[in-house]
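Residues per chain are reported as follows:
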Amino acid sequence: MNPSPDTPLDLPLAFIGGGNMASALIGGLLRQGLPPDRIEVVEPFEPARAALQQDFGLAPQPAAGPQLAHARLVVWAVKPQTFAAAAAQVRPHAPADALHLSVAAGITTDSIARWLGSQAIVRAMPNTPALVGQGMTGLFARAEVGEAGRELVEQVLRPTGQTLWVEREELLDAVTALSGSGPAYVFLFLEAMARAGVEMGLEPTDAQQLAIATFQGAAALAARSDDAPQLLRQRVTSPGGTTHAAITHLQEAGVPEHFIAAMHAAQRRARELATEFGG
Ligand SMILES: NC(=O)c1ccc[n+]([C@@H]2O[C@H](COP(=O)([O-])OP(=O)(O)OC[C@H]3O[C@@H](n4cnc5c(N)ncnc54)[C@H](O)[C@@H]3O)[C@@H](O)[C@H]2O)c1
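Rules of the game
- Residues numbered from 1 in each chain as written.
- Predicted model: local features only at pLDDT ≥ 70, side-chain atom pairs only at ≥ 80, totals over all residues.
- Heavy atoms only, no water.
- UniProt positions renumbered as here; feature names shortened; annotations may be inferred.
- Near = heavy atom within 4 Å.
- Polar contact = N/O pair within 3.5 Å; in protein donor to acceptor, adjacent residues only side chain to side chain.
- Areas by Shrake-Rupley, 256 points an atom, 1.4 Å probe, with all protein chains shown as cover.
- 1 Å grid on protein atoms, 1.4 Å probe; cavity = no way out; pocket = protein on both sides within 12 Å on 5 of 7 lines; lining within 4 Å.
- Sits in = over half its atoms within 2 Å of the grid points.
- pLDDT = per-residue confidence, 0-100.
- Contact = heavy atoms within 4.5 Å.
- Helix = DSSP H or I, 4+ residues; strand = E, 2+ residues; numbered from the N terminus.
- Expected span 1.5 Å × (residues − 1).
- Buried < 20%, exposed > 50% of the residue type's maximum accessible area, 1.4 Å probe, protein only.
- Lys, Arg positive; Asp, Glu negative; His and termini not counted.
- Salt bridge = Lys/Arg side-chain N within 4 Å of Asp/Glu carboxyl O.
- Pairing = 2+ DSSP bridges.
- Right-handed = clockwise from strand over helix to strand, strands pointing away.
- Axes fitted to C-alpha atoms, helices over the stretch in contact; angles between N-to-C directions.

Going by the annotation in an unreviewed UniProt entry, the name recorded for the protein chain is Pyrroline-5-carboxylate reductase, with Melaminivora alkalimesophila given as the source organism. One UniProt comment on the protein chain, placed under Function (unreviewed entry), says "Catalyzes the reduction of 1-pyrroline-5-carboxylate (PCA) to L-proline." What the UniProt record of the protein chain gives under Sequence similarities (unreviewed entry) is the line "Belongs to the pyrroline-5-carboxylate reductase family."

In structure tokens form, the structure reads like this:
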């Protein structure tokens, strides 16, 4: 259970839940060369099982059973609301020495440890750009997870994009508010920018292309530049020019403050999920 980064992953894995996030991770694993028959999926929803079969050639099962007996890594990709029930169904079948990797928002490793009777738990907060290999995943490991377990998790997540370990579990709620939910903020801005472009006379497809390319370009520039985003912004903003007019409007409307408050709301909601569904 200590694969080197260059060794193709080849060990039995199980996914509990086969929806959006599981599909993003499974797609990455198959691209890495993991044979489909090494992946078990428990997915009660028939259309989701059909999609996994058609997209990836997997044979998902509607319920947990003996098929989980060999899993070395169990990936929990169920909603926070259904985690406790799913854990009760899986616990009798999962090997005692399996490593557990949860992507559920809010649900703490203390809750998961109690539900599974295992301490070998890593909690992850990925995001949907994982689907195209451009994801960002925050990670936290319980003290009982050794270096080999951390490396295994990194190898599973590598094809989905970047990873970042945090040392305190509570920081995952901040990661959730920032990069976990973040793609939705970007899509909201894309929608608004494209809508404004159409209102100004552009074709919808042209407006969308302009908006998406602007996000891609600005993000790439920020990633490669040594300068802070504030300085990059100032370089776009000629005194008395068009950008100044737009940024002044955004600041007078309190958009930066509202945006920060919105992210605090996401963090609060992550904490609430732990209380509501972690009992
Ligand atoms: N979608 C995102 O952007 C995102 C990002 C980071 C983390 N997450 C987390 O990932 C988790 C899954 O989210 P998603 O968007 O993939 O949801 P989803 O609804 O697409 O997938 C969840 C799947 O779990 C299945 N399921 C329900 N009960 C089950 C059970 N008892 N056993 C096995 N499977 C069961 C459902 O049928 C569903 O297909 C959530 O906990 C969420 O917080 C999601």
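After that view, the rundown keeps rolling.
On to the site of the ligand. Near the ligand lie 21 residues; those nearest to it are Asn20, Met21, Glu43, Val78 and Ala105. Valine 78 is positioned such that a nitrogen or oxygen atom in its backbone is 2.6 Å from an oxygen atom of the ligand. Separating an oxygen atom of the ligand from a backbone N or O atom of alanine 105 is a distance of 3.0 Å. Isolated, the ligand exposes 830 Å² of accessible area, and the fraction of that covered by the protein chains is 81%. In this structure the site holding the ligand corresponds to the second largest pocket.

This part covers the confidence of the model for the protein chain. Model confidence for the protein chain is summarised by a mean pLDDT of 94, while 97% of its residues fall at 70 or above. The model gives residues 1-5 a pLDDT under 50, and that stretch makes 13 contacts with residues more than four places away or in other chains. For this predicted complex, the interface score ipTM comes out at 0.97, while the overall pTM is 0.93.

What follows concerns helix α1 (residues 20-31). Compared with an ideal rise of 1.5 Å per residue, which puts 12 residues at 16 Å, α1 spans 17 Å between its outermost C-alpha atoms and is within 8% of the ideal. Most of α1 sits inside the fold, with nine of its 12 residues counted as buried. Among the residues of α1, those classed as buried are Met21, Ala22, Ser23, Ala24, Leu25, Ile26, Gly27, Gly28 and Leu29. Packed against the buried residues of α1 are β1 (13-16), β2 (39-42), α2 (46-56), β3 (73-76) and α5 (147-157).

A word on the side chain of glutamate 43. Take glutamate 43: it is sitting in the loop between β2 and α2. Summary of buried charges: glutamate 43 has no salt-bridge partner, and the nearest side chain of opposite charge, arginine 49, is 6.0 Å away. Within the structure, the side chain of glutamate 43 is placed 2.7 Å from the backbone nitrogen of glycine 18, a separation counted as a polar contact. Ignoring sequence-local partners within four residues, the contact set of glutamate 43 consists of Gly17, Gly18, Gly19, Ala48, Arg49, Leu52, Gln61 and Pro62.

Let us now look at the UniProt feature "domain: Pyrroline-5-carboxylate reductase dimerisation" (unreviewed entry) in the protein chain. The UniProt record marks residues 169-273 with the feature "domain: Pyrroline-5-carboxylate reductase dimerisation" (unreviewed entry), using the residue numbering of this structure. Summarising residues 169-273: 83% helix, 0% strand, and an end-to-end C-alpha distance of 14 Å.

With burial as the criterion, each face of β1 is covered, one bearing Leu13 and Phe15 and the other bearing Ala14 and Ile16. Taken together, the four bridges between β1 and β2 define a ladder with parallel strand orientation. Residue pairing across strands places isoleucine 16 opposite valine 42, the latter belonging to β2. A crossover links β1 with its parallel partner β2, the connecting element being α1, and its sense is right-handed. In this structure, β1 lies alongside β3, joined through four bridges in parallel fashion. Each residue of the ladder has a partner; that of alanine 14, found in β3, is valine 74.

On to the sheet that holds strand β4 (residues 99-102). For sheets, the rule is that strands pair by backbone hydrogen bonds, running either parallel or antiparallel. If you walk across this open sheet you meet the seven strands as β2-β1-β3-β4-β5-β6-β7, and the pairing is mixed. One side of each edge strand has no neighbouring strand; the edge strands of this open sheet are β2 and β7 (161-165). Each strand axis lies, on average, 20° off the axis of its neighbour in the sheet, ignoring direction. Across three bridges, β4 lies against strand β5 (residues 121-125) in parallel orientation. Bridge pairing in β5 links leucine 101 to valine 122. This element, helix α3 (residues 80-90), spans β1, β3 and β4 of the sheet and lies at about 155° to β3.

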